[in-house]
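Residue-level structure breakdown
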Amino acid sequence: LVRLVESGGGSVQAGGSLRLSCAASGDTVRDSIYYMGWFRQAPGKDREGVAVITREDVTKYADSVKGRFAISRDIAKATLYLQMNDLKFDDTAIYYCAADRFAAGWSLLRPTGFTYWGQGTQVTVSS
């Protein structure tokens, strides 16, 4: 079992910044051997991939956030981060952290390849 807990969401005005955190824990979890990602779901829309980081620290971003968001991790703290800059109204969504040892389809930001999920944290951007 792997447990993921997100934090850092909130309400900001357009153009502002937030940093989301995802703390990982479990009896056998080793942060360095997992693919990890951030996904989001806005009202009335399907869940979509935002960013993924591989076991080798290769990253992939959705076109809509490229150049504004950055995914990273601190292995010593077993924590994943998402730095979000220049936030836009359309970034409003519940953001979820996810992890998987293999993450099939990770380069296409497919949520179906991830097994473990957090409960989500709300990000609201006002214009």
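Placed above this text is the structure.
Thresholds, definitions, all that
- Residues numbered from 1 in each chain as written.
- Predicted model: local features only at pLDDT ≥ 70, side-chain atom pairs only at ≥ 80, totals over all residues.
- Heavy atoms only, no water.
- Pairing = 2+ DSSP bridges.
- Helix = DSSP H or I, 4+ residues; strand = E, 2+ residues; numbered from the N terminus.
- Axes fitted to C-alpha atoms, helices over the stretch in contact; angles between N-to-C directions.
- Disulfide = S-S within 2.5 Å.
- Polar contact = N/O pair within 3.5 Å; in protein donor to acceptor, adjacent residues only side chain to side chain.
- Contact = heavy atoms within 4.5 Å.

A look at the sheet that holds strand S1 (residues 3-7)
Strand order across the open sheet formed by 4 strands is S1-S3-S8-S7, with antiparallel pairing between neighbours. Each edge of the sheet is formed by a strand with only one pairing partner; in this case those strands are S1 and strand S7 (69-74). Here the average twist between neighbouring strands, direction ignored, is 15°. Relative to strand S8 (residues 79-84), S7 is paired through 6 bridges, and the arrangement is antiparallel. For Ser 72, the partnering residue across the bridge sits in S8 and is Tyr 81.

Observations regarding the state of the cysteines
Under the counting rule described, the total for this entry stands at 1 disulfide. Between Cys 22 and Cys 97 runs a disulfide, and the two sulfur atoms are separated by 2.0 Å. Disulfide Cys 22-Cys 97: the torsion about the S-S bond is -75°, which places it as left-handed. With Cys 22 in strand S3 (residues 18-25) and Cys 97 in strand S9 (residues 93-100), this residue pair connects regions lying 75 residues apart in the sequence.

Focus on the side chain of Arg 68
Within the fold, Arg 68 resides in the loop between strand S6 (59-61) and S7. Only 2.8 Å separates the side chain of Arg 68 from the side chain of Asp 91, close enough to count as a polar contact. Arg 68 has contacts with Gln 83, Met 84, Asn 85, Asp 86, Leu 87, Lys 88 and Asp 91, leaving out every residue within four places of it along the chain.

Read these as layout, nothing more, since geometry by itself doesn't imply function.
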